[in-house]
Each structure stands twice: as C-alpha cells, then as structure tokens.
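Per-entry structural report
What follows is the residue order along each chain.
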Amino acid sequence: MEQLLTFIIFMPLFAVLLILFIPKDEERTIKSMSVGLSFIPLVLASYLWFAYDKGVGGFQFEIFAEWIPAINVNYHVGADGLSIPLVFLTSLLTTLSLIYSSFTITRRVKEFFLLFFLLEMGMFGVFLSLDLVLFYVFWEIGLVPMYLLIGIWGQPKDRPQYSAIKFFLYTLAGSVLMLLAILGLYFYHGTFDIVELAEGLGENGPLGMLFGGNSWLAIAAFWAFFVAFAIKVPLFPFHTWLPDAHTAAPTAGSVILAGVLLKLGGFGMMRIGLPIFPEQFKFYCWDAPIIPILALFSIIYGALVCMAQWDLKRLIAYSSVSHMGYYMLGVAAAAAAWGQSSLSDAAAMASNGAAMQMFNHGIITGGLFFLVGVIYERAHTRDLALTDEDGNPMRDENNKVIPAFGGLGKATPYYYGIFLVTAFASLGLPGLAGFWAEFFVFRGAFEIMPWFAALGVIGIVVTASYILWKIVQYVFLGDFSLERWKMISHGAKLTDMMSFEKVTLWPLVLFMIGFGIFPTPLVEFFNAFAQKLFGG
Amino acid sequence: LTLETFQLLSPELILLLTGIVVLVVDLAWRDEASSEAEAPRANKTIWVPALALAGLGAALLATILLWGTPPTTVLAMMAVDPFALFFKIIALVCVMLVILAAVPYLQDRTRYRGEFYALLVFAGLAICLASSAIDLISIYLAMEFLSITSYVLAGYLRGDLKSNEAGIKYFLYGAVTSAAMLYGMSLLYGATGTTNLSLIAQLLTFGEESIQWLAVAALVPLLAGFAFKIVLAPFHQWAPDTYEGAPTPVTAFLSVGSKAAGFAILMRVLFTALPSFRWNIGWMAFLMALSIISMALGNLIALRQTNIKRMLAYSSISQAGYIIIGVICLVLDAEGAFLGVNGSLFYLFAYLFTNLAVFTAVIAFESATGSTEIADYRGLVKRSPVMAGVMLVGLLSLAGIPGTAGFLGKLFVFGSAIQFNTTQTLVLALVGVLTSVIAAFYYLNVVRQMFFEPADEGAEQVALPAGLKVGLVVTAVGILVIGIYPQPFLDLATESIQMLGMVF
C-alpha cells in the first residue's frame, strides 16, 4: 500500500483506458463497468480514511519521485487531515453520479463516462498534490472534461455552449496568473514543493523571507493565487460563471461542480494560501479586510439572489455562492488571527468550520442537485411558478404567484421526505450536518471578528426563508392538482422516486444525519490539519 | 574535402540525392495515359512519396548518428553542432509528416505530384543548411533556397486562384524582406570586412565606436528578414493569405519547418555575431516589442476568423510571439547552461508535433470534404472520432493546457521571463498568459463545433486514409509523451544550446 495515493489518483485513468476499448454501442457494458470501476477509488479512499493516523497528523502516505529534474518538479503527493475527507467526498460523489447517470444518460454514453473518469482523476490529483506544478497540472486537467460535459450534455435551452466556455475562460484566466506566481515562487526559492515552501519560508526559515522580503511581489503573488481560488470557490464578484455553468450542466455534472470543483478553490486557499502567504492573507483579512467583506457579500447577496429565482436549479446554484461565503468567512477569520497565540483556538475553530463547510456543502448541495434532477427528469421543467412568455411568473386574482408544482408533498411523499432532510441540512438545522459547519465558523469568527460574524448571521435567516418559502412551499406544500402537472409536464407521468434515485440519495442523507449527530470523525480530521497550522 | 566532410554533411547529401532521385523517378515513370486512366498512376503516387520518405528517414538517421560528435565547422561555412542537429531533426520530422499528409491531399488536386515531393525534400534540405550556416553568405543562400522552394510550393496548385495569390504574395513580401536582410548583411560586412559570424562578433566588440553604430543600423533590417520567416508581427502580412491559399500541406510546412529555420538563423546570428548588441537599443528591446505585438495581434484577430487555415495563420503569429520570449530572456546560469533559449527550443519541438497534429487533421478533413470552414467541422466527433480526438489534443496543446507538450513549452518560456526578473520581462509574461486565455477561446471554438454541434442530417463518416491515420497517431502520441515525460526532450534542447559559441 506504499503507492496507495498513486492508485487512487490514477485508477480513474485506468478506467478511461479500459472503457476506451469497449465499442460504443455496448452501452450497458460501459455503464455497468464504469459504476463497478468507480467503486475501486471509493474503497481505496475509505481505506485511506481509516488508515490515516490522526494522532500523528501531518502528511502521510507520502510519495516522492522525480518528474522533471531539470526544473526540480517532482511527483510529490501526500494525504493529510484536510485532503482525506475531500478525497472521500470526491470518490463518493463520483460513484453516486455514475450510478445516477447510468440511468439517465442516453446520448453519447461512452464519451460521458470517459470524461467523468478524467474529471475524477483531476480532482484527486489536486487534493493530493504537494508540488505546485503537479497541482497546477491536475487543476487544469479537470477543466477540459467539465467543459465538454456542460457543452455536450447540457439542456439546449440553458445555453450550454455559452456556459461551458464561460466556465472554462473564467477558471483559465484565474489560473494563468497563478501559474506566473508559481514560477515566481520557484525562481525566488528554488522549489515547487508546497511542504518545503510552507515550512521553509519566514525570517529564520531556510528559504528566507517570501520573495526575499519584496512585499510588492509577495502581494502580487498572493492575489494571483487568491483570485485563481476565489473564482473557483466562487467568491463575489468572481461568481458570475457559476449560475450559468451549474444550471446548464447535466445533473451529474452539477453535482460534481457544486460538490467537488468549488472545493478545489477552497482547498487551494487552505493548502497554499494560508501556509505560504500567511502575512498577506492576514493583511487583507484584518488590516484591510477586503476578503471578509467579500465573504459577507457572497453570503448575503447570494442568499438574496436565491430569493428572486424562479428556476429551481439556478436557485440552488446561487445558494452555493451564499454557502461558500460561510466557508470564506471562516478562512478569513482564521487568517486574521494568524500569529496571535491567544486566538489560536478560535482560528483553529474557524478553520475547522470552513473545512467542514466544504465537506458538508459537497454532500448537501450534491444531494440537492440530484433532487432537482429527479423532478426535472419527470416534468422537464424546473420553473417554480407558471410563467408567461417572457419568463415572468404569472399571478392569480389576489396577485399571488401561481406555483408550477405545488402539493408534490402529497403526490410524491418519498421525494418530499428526502428533499426535506436535504433542504433542512442546507439551511443549517441542528442535528443535520450543515449545522456544525456554520456553528464552528461563527463560533470561531465571533471571537476574532465579531462584527463580520454578526452580519454574516443575517445570511442564515435569508437562507431559511428561501429554502422554506421558495423551495418547500412552492414545490411541496399546497394542493396537488394533476391537471396543472399534466400542463407543465406536457402530459408526463408523475411517479415517486425510483430505486436508482433512492440508491443515489440515501448515502448522502445518511451522511447528513450521521455527521449531524456525530460530527467528531470529521472534526478530528480537519483539526489535525488546523492544529498543525495554527497550533504553534 | 575529406571523407569526414562527407560524413559531417551526410544528412544534407542524402537529402540532395533523395530530391534528385525523386525528380528523376517521377520523370522516368511519367506515363502517357490520360488523366482518366489513373490506375497506373495511382501506383506511382505511392512509390514517389515512399521514396522521399525513405530518403528523409535515412537523413534523419544520419542526423541522429552525428549526435555526440564534437562541434566542428565545415569549410568555414557550416557548423555541425548539436544546435544545428536539433533543427535538422525538427525539419526532417516535419517534412516527413507533411509528405505523409500530402499524399491523399494531392490525389484529386493536381496531376503533377512528383515535383511536389521533390520540392518538399529540397525545402527540408534548405532548413538543414540554414540551421548549420555560420557565415552571412551561407545564411543568405540557405534562406533564399528555402524561400524559393516555398514560393513554388505555395503557388503549386496552378488552377487554383487562391494558391496563385498565395505564391505571388509570399514572393513579393519575401523579395522585399530578403533585400532588406541583404542590406543589413552588407552593413555588417562593411563595418567588419568579414562575413564570418564569430569574426564579426570579435571585430565589433573590439572595434571603434563608429563601427558599432553601423551594427546597430544593420540590426533592424536583419531582424525584419528573420521576423518575416518566423512570422512575427508586424512582418506577418503575407501569412494569412498565403496560409489560406497555399495547398494545406504547404501551409503546415510553412508554419512549422519554415518558422523553425527562421528561429535557427535568428538565434545563430544574434548569439554568435551580435551578442554585445543586446541591451539598450539592441535586439532585446526590438524583439520584445515584436513579441508583444505578435501575441496581442495574432490572438485578437484569430478570434474573428471563420476559415480554419486563416485562424491557424494568426495562431501561428501568436505562437511565434510566445516562442521568442525564451530568446529574449536568455540568461547564463552558474553551470554554463543558457536558460530561456532552451525553453524556446523545447517549445519549437512541442510546436512541431502540436501544429502538425492540427494541420494533419485539417488536411484529412479537407481531403475528404473539400472544406476549410470552421463551421463545417460541426459534429466531427460523430463523423470521425479519431480525427476529432487528435484535433482536440492538438488544440489543447496549442492553448497550453497541462498534460500536453504545449503547456510545458509555455511553462518554460514564461518561466524564463519570470527568472529574468525585470519589469519588462514580467510584463512580457503577463501579456503572454493573458493572451493565451484569449487564445483558448478560439481554439475551443473549433472544439465546440466538433463536439457540441450536431452533425448535419445524413452526414457521412469522414474517410481517413492510412497515411493520415499514421500522421495523426504519431503527432498525438508525440504531444502526450512530451507533455507527460518532458525530461529527455528538455535535455535534448538544453544540450543543443550549450555549445552554441556565445560570447556573453
């Protein structure tokens, strides 16, 4: 098991090569083989979860091999408390997405599954890389399959081609600046190694001060990294690609986009931003608090925009902006407390909350996108209200918006139940996973930056309102009218959840409940990471 | 003349022989049958290019065998050093792949195919000579040799007006820049009294100040001549029309082989003869301006193109702007290796496979459908998955996406700009990365057509002849191998410049 991480990263590539040789007409074989193969990384990631020694902490299962010795680029991978839950999340959501897709994808099947595995490889690679060039390579490798997934399998009315290229160019624009910063770090410090940079920089470190004390270069490099990550997270005002991409992508694509790809940005901030640029990060979180202000904006603006959406999928897409704002607030608070030993507990708390928010948002929003997929597969519409030709909601004589679905709670109780749990987890109901992340973020942030934390709480209220009002009320409450259903769905049959949909959603629901009641295993992982970063 | 001389010049001699044999065989087997009776001709069309390929393969082998011999000069006109050999490898691989793609392309377009292969072999020979030339006379002769074969090749399709336009336009621009370059050379000769590059360097360094001013004056027309071959803006005006009108295999050759020859001569002249004219108003500032203009203009205009050959012409301008960054940002490290320029060489090697992958796919598509419009590529993935797949890999490499050779090329040249660490070079790197984001848009536009748009109702599968399939697979594998395991190629590039007699 010495090469465990190599197996995890490249198992999807192996799957790609296998599927490549199956004729494209053998759709059943491709589908069942893909689902089967996707369990291998899932099993390996679960093994990693239990094999990691949290007591020791730090990077384990490290592998180091020369790759391009001429410029000191190495294949250096390792897993720590931050990456292991995210690797597990990636493999879990990929497996569930593949199960779901094998029942819903009917067009260009072979390509779909090939691209999905390539995407999985890119995501694993980012979470496990400890070399900046390796990190960058995996970071961008994931772009291409996602671009194709959105463009090919997107719904024509959601402008998939536009959304796909927008997604691609936004991410690329951010990451090329990051590439320059990576090269800058290398030529100043002679290494691409993330661990070496994180530990060796500083006044007394063997690598000396960051950029030899040149603060302008340090600030430029910090922003280059930060913007690249902020686009992915996405932080207001870099979020505009997200609603388009999430809405246009096929269900499984949205799940992976929201569930994992956004976390790449968040992961980058904690793996590279905090350890390598702590002073710059602190400066813009505390002395000139641009980052917490943007985080607040994301939380409140994102939630308010959700209130105004009439497209269920777009609403959930915007909710990601709001929810990842909590993540950003947690990281900002942790960064602001850098170097103050009296606040190190609060910083660790905020950092744990932020990391948990990444994981929980992954399972919760992943679940929500699956649930939107469930209704969309039946109704072929996601509009919450009956709309006129301009797409504006129609109103009845009392000037009330006429819901399009309405009363699905009675017609499809199973769906209602699963959706309700997921929606409540999303709004942070205690007892479900979403609560703990927000609790930890605010618990940490209140001690460090009370005003920001206080304002951030507004977001929770707005979140509760759009989830209860826009989703639960418009979709599930009220009277069900078969006539209206026939009208909006053009005569489709309304069935409750089918077994493959239950199979995809139950694991997520179990994790929401499980980590809601007993979040300790998750906290332990993230705390192993946070203690190492903030402990000393 | 000794036996050793023949050995040192073996690649060139083999090429010369191949070219002549191809011409003779074509002439001897020219059958009387009319164009309708194609059957006996069809046989010959396989044998003539096969002969050319065999000759090129032998020359490639000879070049590889020469690798490792200590750098020497032949007749004070030619150098046989790793630098020259590196470019010879590029030239030979390029011509081989172009011939492979040209066979089906020429099938229905012209009856005179034999000379085409002979001309391509001679063009390859010209690049080999150019990469070895170390004297102003041999440089000029090699450049003219390359130019004249290229003019003929660009205008090869006599019946096609666009091809005629391509040839004439290329010729007119070429004649002017060639004259300008010659003027620059005469100034250098006038200042120093010699045409030998290293002697020029010595005389200029230790000469009077007035002589040095002559050299500065010579720099501009010289660089204009090289920039014309490399296709750097603003000396690019011929390129879009010529690239569009020329037979597509010739376009592929111009965009890779001819460009490489320009780079070889540029580096040789600048590093050997004019190293002391780098700073202030020297070549560094001049090239920096050309690089920025090329990256910006090439990428912006490419956005609006609807013809894939025209788009690739502008893309080729911008790529030249990227490659030259390594030359601009050349530094000497502690171990005596010239960094930066090795990035340029690596980039050229990556570009060889990348651009030829895309062009082979374009040629394959054009041979089958007769179209070069980007819109006609819609649904290609259904009509020919292999073609679309290789095209995707090639375009991603052009865009510089990791996992491909193009990414590492960009990594190394931008790295050299960062390493140089002056405000100007940082700006250069910044312009470089930002324009490469713009570039991604138009490269992906082709991907969009191929993968997102549905094929027309009843559109047939696109036929893919064996030769093209080989070309596509070889180039795609090349891109991925260089992109994933670049170390040997980087070593090759670094070794190639180590012994370039520089006087820094």
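Residues numbered from 1 in each chain as written. Chains lettered and ligands numbered in written order. Predicted model: local features only at pLDDT ≥ 70, side-chain atom pairs only at ≥ 80, totals over all residues. Heavy atoms only, no water.

Another point: the overall build of chain A. Looking only at helices and strands, chain A features 22 helices and 2 strands. Computed over its C-alpha atoms, the radius of gyration of chain A comes to 23 Å, within 12% of the 24 Å expected for a compact globule of 536 residues. Considered along the principal axes of its C-alpha atoms, chain A spans approximately 75 × 60 × 40 Å. Every one of the 536 residues in chain A was classed for burial, and the buried ones make up 65%. The contacts of chain A with a sequence gap of at least 6 include a subset with a gap of at least 24, amounting to 79%. Surface exposure of chain A reaches about 18000 Å², of which carbon and sulfur atoms provide 64%. (Helix = DSSP H or I, 4+ residues; strand = E, 2+ residues; numbered from the N terminus. Rg over C-alpha atoms; globule rule 2.2 N^0.38 Å. Buried < 20%, exposed > 50% of the residue type's maximum accessible area, 1.4 Å probe, protein only. Contact = heavy atoms within 4.5 Å. Areas by Shrake-Rupley, 256 points an atom, 1.4 Å probe, with all protein chains shown as cover.)

Moving on: the overall build of chain B. The helix and strand inventory of chain B stands at 20 helices and 4 strands. Taking 504 residues into account, the globule formula puts the C-alpha radius of gyration at 23 Å, and chain B, at 22 Å, falls close to it. With the C-alpha coordinates of chain B rotated into their principal frame, the extents come out at 75 × 50 × 40 Å. The buried share of chain B, reckoned over its 504 residues, is 63%. Across chain B, contacts joining residues at least 24 apart in sequence account for 81% of those joining residues at least 6 apart.

Let us now look at the pairing of strand 1 (residues 60-68) of chain A. All names here are of chain A. Note that strand 1 and strand 2 (residues 73-79) share 6 bridges and pair antiparallel. Looking at the pairing, glutamate 66 lines up with asparagine 74 of strand 2. Linkage of strand 1 to strand 2, two consecutive antiparallel strands, is achieved through a turn of 4 residues, within which asparagine 72 is found at a positive phi near 60°. (Pairing = 2+ DSSP bridges.)

Moving on, we come to unusual backbone geometry. Put simply, phenylalanine 236 of chain A and proline 237 of chain A share a cis peptide bond, and its omega is 5°. Positionally, proline 237 of chain A belongs in the loop between helix 9 (215-232) and helix 10 (241-248). Looking along the chain, the bond that leaves alanine 233 of chain B and enters proline 234 of chain B is cis, with omega of 0°. As for its position among the elements, proline 234 of chain B is in the loop between helix 9 (209-230) and helix 10 (238-245). Despite not being glycine, asparagine 72 of chain A has its phi angle at roughly 60°, a positive value. Here asparagine 72 of chain A lies in the loop between strand 1 and strand 2. Residue asparagine 72 of chain A is classed as partly exposed on the basis of its relative accessible area, which comes to 29%.

This part takes up the interface of chain A and chain B. Taken together, the contact pairs 31 residues of chain A with 37 residues of chain B. Together, the buried faces of chain A and chain B total about 3000 Å²; carbon and sulfur atoms form 79% of this surface. Applying the counting rule to chain A against chain B returns 0 salt bridges. Our enumeration of links across chain A and chain B arrives at 7 residue pairs in polar contact (both at pLDDT 80 or more). Contributions of two or more residues to the side of chain A that touches chain B are made by strand 1, helix 5 (132-141), helix 6 (143-153) and helix 7 (160-189) of chain A. If you tally residues by element for the side of chain A that touches chain B, the top one is helix 7 of chain A, at 15 residues. Residue classes in the side of chain A that touches chain B are distributed as 25 nonpolar, 3 polar and 3 charged. (Buried area = accessible area lost by both parts, 1.4 Å probe. Salt bridge = Lys/Arg side-chain N within 4 Å of Asp/Glu carboxyl O. Polar contact = N/O pair within 3.5 Å; in protein donor to acceptor, adjacent residues only side chain to side chain. Nonpolar A, V, L, I, M, F, W, Y, C, P; charged D, E, K, R; others polar.)

Take the packing of aromatic side chains next. Residue and element names in this part refer to chain A. This structure, assessed with the given rule, holds 71 aromatic pairs over all chains. The interplanar angle of 65° and the centroid separation of 5.4 Å between the aromatic rings of phenylalanine 222 and tryptophan 223 together place this pair among those described as edge-to-face. What makes phenylalanine 222 buried here is its relative accessible area of 1%. With a centroid separation of 5.2 Å and an interplanar angle of 65°, the aromatic rings of phenylalanine 419 and phenylalanine 476 are classed as edge-to-face. Remark: phenylalanine 476 occurs in helix 19 (residues 450-476) and phenylalanine 419 occurs in helix 17 (residues 413-427); sequence separation between them is 57 residues. Judged by its relative accessible area of 1%, phenylalanine 419 is buried. Members of the aromatic cluster, joined through ring pairs, are Phe135, Trp139, Phe222, Trp223, Phe225, Phe226, Phe229, Phe277, Phe281, Phe283 and Tyr284. In this arrangement the basic side chain of lysine 232 is found over the ring face of tryptophan 139, its NZ or CZ atom lying 5.3 Å from the centre. Directly above the ring of tyrosine 376 sits arginine 382, whose terminal nitrogen or CZ lies 5.1 Å from the centroid. (Phe/Tyr/Trp six-rings, centres within 6.5 Å; stacked < 30°, edge-to-face > 60°. Lys NZ or Arg CZ within 6 Å of the ring centre and 35° of its normal.)

All names here are of chain B. A grouping of Leu1, Leu3, Phe6, Leu13, Leu16, Ile20, Leu23, Val24 and Leu75 is seen on the molecular surface, where their side chains present a nonpolar patch of about 920 Å² in accessible area. Where the nonpolar patch is concerned, the elements lending two or more residues are helix 1 (3-8) and helix 2 (10-28). Inspection of the secondary structure puts leucine 13 in helix 2. (Patch = residues over 30% accessible without salt bridge, like charges linked within 9 Å, V, L, I, M, F, W, Y side chains within 5 Å.)

Time to look at the pattern of salt bridges. Taken as a whole, this structure holds 22 salt bridges over all chains when the rule is applied. Residue lysine 532 of chain A is joined to glutamate 199 of chain A by a salt bridge in which the shortest nitrogen-to-oxygen separation is 4.0 Å. Remark: glutamate 199 of chain A occurs in helix 8 (residues 194-200) and lysine 532 of chain A occurs in helix 22 (residues 520-534); sequence separation between them is 333 residues. Of the two residues, lysine 532 of chain A and glutamate 199 of chain A, both sit in the exposed class. Ionic pairing is found between arginine 448 of chain B and glutamate 453 of chain B, a salt bridge with its closest N-O pair at 3.3 Å.

Turning our eyes to something else, we now look at the pairing of strand 2 of chain A. In terms of burial, strand 2 of chain A is a largely internal element, 7 of the 7 residues being buried. Alternating residues of strand 2 of chain A divide into Val73, Tyr75, Val77 and Ala79 of chain A and Asn74, His76 and Gly78 of chain A, and every residue in both groups is buried.

Core analysis: the largest hydrophobic core is formed by 412 residues, its most contacted members being Phe281 of chain A together with Leu274 of chain B. For leucine 274 of chain B, the residues in contact, after removing those within four places along its chain, are Leu188, Leu204, Leu219, Leu222, Val269 and Trp283 of chain B. Grouped together as the second largest cluster of nonpolar side chains are 7 residues, Val74, Met78, Val80 and Leu85 of chain B included. (Core = buried A, V, L, I, M, F, W, Y, C linked by side-chain atoms within 4.5 Å.)

Here we come to the environment of alanine 164 of chain A. Position of alanine 164 of chain A among the secondary structure elements: in helix 7. Distance in space between the C-alpha atoms of alanine 164 of chain A and aspartate 131 of chain A is 28 Å, their sequence separation being 33 residues. Residue contacts for alanine 164 of chain A: discarding those within four places in its chain leaves Tyr147, Ile150 and Gly151 of chain A together with Phe452 of chain B.

What follows deals with the environment of valine 362 of chain B. Residue and element names in this part refer to chain B. Within the element layout of this structure, valine 362 appears in helix 14 (residues 341-369). For valine 362 and valine 447, which are 85 residues apart along the polypeptide, the C-alpha to C-alpha distance reads 13 Å. Ignoring sequence-local partners within four residues, the contact set of valine 362 consists of Thr248, Ile308, Lys309, Leu312, Tyr377 and Met391.

With that settled, the discussion passes to the confidence of the model for chain B. Looking at chain B, the pLDDT average stands at 88 and 94% of residues meet or exceed 70. ipTM for the predicted complex: 0.92, alongside a pTM of 0.93. (pLDDT = per-residue confidence, 0-100.)

Looking now at helix 21 (residues 499-517) of chain A. Taking 1.5 Å as the rise per residue, helix 21 of chain A with 19 residues should run 27 Å; its terminal C-alpha atoms sit 26 Å apart, in good agreement. At leucine 505 of chain A, helix 21 of chain A shows its maximal kink, close to 30°; a proline, proline 507 of chain A, follows between one and four residues later. (Expected span 1.5 Å × (residues − 1). Bend = angle between axes of the 7 residues up to and from the residue.)

Moving on to the side chain of serine 131 of chain B. Residue and element names in this part refer to chain B. Mapped onto the elements, serine 131 comes out in helix 5 (residues 114-132). Overall, the relative accessible area of 1% leaves serine 131 in the buried class. Apart from residues no more than four positions distant in its own chain, serine 131 is found in contact with Phe83, Ala84, Phe87, Lys88, Ala264 and Arg268.

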